[in-house]
Amino acid sequence: MSINAEDIQAPQLKDLSIVRNEQKELNIAPVHHLDRAFKTATFGMGCFWGAESLYGGTRGVLRTTVGYAGGTKDQPTYRNLGDHTEVLEIDYDPTVISYQQLLHIFWNNHEYGLTTVIKRQYMSLILYHDDEQKQIAELSKAKEGKRRTPEVITTEIAPKRNFYPAEDYHQKYRLQGHRDLSETLNLNSKLLRTSYVATKLNGYLVGVGGVEQFKTEVDTMGLTPSQKEYCYHYIEKNEGQGLYC
C-alpha cells in the first residue's frame, strides 16, 4: 500500500479493532526480532531517553535498551542509582553501520556533559566490549579532542562489566507516549527492551531519520496500513525537530 505522507490528517488508532482485523486478514504481525548477526555498543551521553530515540532511528541499529552501568552498586534503580551512569546498549548490524559511525553520532549528540564535568548519573561514558572497540574508542576520543581544542572532553572509556536494564517506563519512552499504537504492537516488559519494531518507531516517531528513510525500512517492521498511516503522520510532523529529555 502506497501512502503519501502529505495527504495524512492526524490519524487516530482509538478503534484498536481496526488494526486487529488488519493484522488477522493480512496476516501481519509486529516484527520484534530479526535473525541477523549483530554487535553491541554501550554509551552514556546524558539522559538516555533522547539517546535511545536517536540511535533507534539510525539505519543498521536493531535493538536498544536503556539501563545503568559503570558502577559498583548491585541492582541499581533510578531512585537508588549509586555510582552508576545512565547508558544505552545498542545492538547493531556491522554490515550496515560501523562502531566508528556509532561513535560519530555519540560525539556530536550529547545533550550535556561532553566537555563539562557533571554528576556521574549523566556523565559521558564509553563502555567497550572488546579490545577492538577499546582501540577505536581511544583513537576516536583523541581525534575529537584535537577538533574541540581548547575544550577538554570529559568522556571516560572503560570496559563494560555490568548492565542493569532500567525500569519499564524508561524503555522506548517516546514510543510509549503513543499508547494506542504501543498497544497494537503487543509490547510487554521483555519486548520493551528487545523489540526491533519498538526500537525503530521510538526513533522515527520523534522525527529521527525522516520520512524518506522510514520508507526504506517500514516494510521490515510488520505494520498494518493503519499503523503505517499513523506513523507517517507523526514522522512528517516531527522531522527536523531536536531531541530532548
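Structural data are supplied above this passage.
Residues numbered from 1 in each chain as written. Predicted model: local features only at pLDDT ≥ 70, side-chain atom pairs only at ≥ 80, totals over all residues. Heavy atoms only, no water.

**Here we look at the overall build of the protein**
Alright, step 1. Summing up its helical and strand segments, the protein has 10 helices and 6 strands in all.
Alright, step 2. Against the compact-globule benchmark of 18 Å for 245 residues, the protein has a radius of gyration of 18 Å, which places it among compact chains.
Alright, step 3. For the protein, the C-alpha atoms occupy an extent of roughly 55 × 35 × 30 Å along the three principal directions.
Alright, step 4. Taking all 245 residues of the protein together, the buried fraction comes to 53%.
Alright, step 5. As displayed, the protein has an accessible area near 12,000 Å², and 47% of this comes from carbon and sulfur atoms.
Alright, step 6. The averaged location of the 31 negative side-chain charges in the protein is 5 Å from the averaged location of its 28 positive side-chain charges. (Helix = DSSP H or I, 4+ residues; strand = E, 2+ residues; numbered from the N terminus. Rg over C-alpha atoms; globule rule 2.2 N^0.38 Å. Buried < 20%, exposed > 50% of the residue type's maximum accessible area, 1.4 Å probe, protein only. Areas by Shrake-Rupley, 256 points an atom, 1.4 Å probe, with all protein chains shown as cover. Lys, Arg positive; Asp, Glu negative; His and termini not counted. Charge placed at Lys NZ, Arg CZ, Asp CG, Glu CD.)

**Topic: the packing of helix α8 (residues 196-204) against helix α9 (residues 210-217)**
Alright, step 1. Contact geometry of α8 with α9 gives a least axis separation of 11 Å together with a crossing angle of 165 degrees. Classified by the angle between their axes, α8 and α9 sit roughly antiparallel to one another. The handedness of the crossing between α8 and α9 is left-handed. Here Y196, K200, L201 and Y204 of α8 lie close against α9, whose contacting residues are G210, Q213, F214 and E217. (Axes fitted to C-alpha atoms, helices over the stretch in contact; angles between N-to-C directions. Parallel < 35°, antiparallel > 145°, perpendicular 65-115°, else oblique. Left-handed = near helix turned anticlockwise from the far one by under 90°. Contact = heavy atoms within 4.5 Å.)

**Concerning unusual backbone geometry**
If a residue is not glycine, its phi is most likely negative; likewise, a peptide bond is most likely trans.
Alright, step 1. A cis amide bond links T149 with the next residue in sequence, P150, at an omega value of 15 degrees.
Alright, step 2. Structurally, P150 is set in the loop between α4 (131-148) and β5 (156-159).
Alright, step 3. The phi dihedral of N27 is positive, around 55 degrees, even though this residue is not glycine.
Alright, step 4. For N27, a relative accessible area of 73% translates into the label exposed.
Alright, step 5. With phi around 50 degrees, K172 is a residue other than glycine that occupies positive phi space.
Alright, step 6. Residue placement: K172 occurs in the loop between β6 (164-165) and α5 (173-176).

**Structural notes on the side chain of T40**
Alright, step 1. Structurally, T40 can be placed in strand β1 (residues 39-45).
Alright, step 2. Engagement of the side chain of T40 in a polar contact is seen with the side chain of D91, the distance being 2.7 Å. (Polar contact = N/O pair within 3.5 Å; in protein donor to acceptor, adjacent residues only side chain to side chain.)

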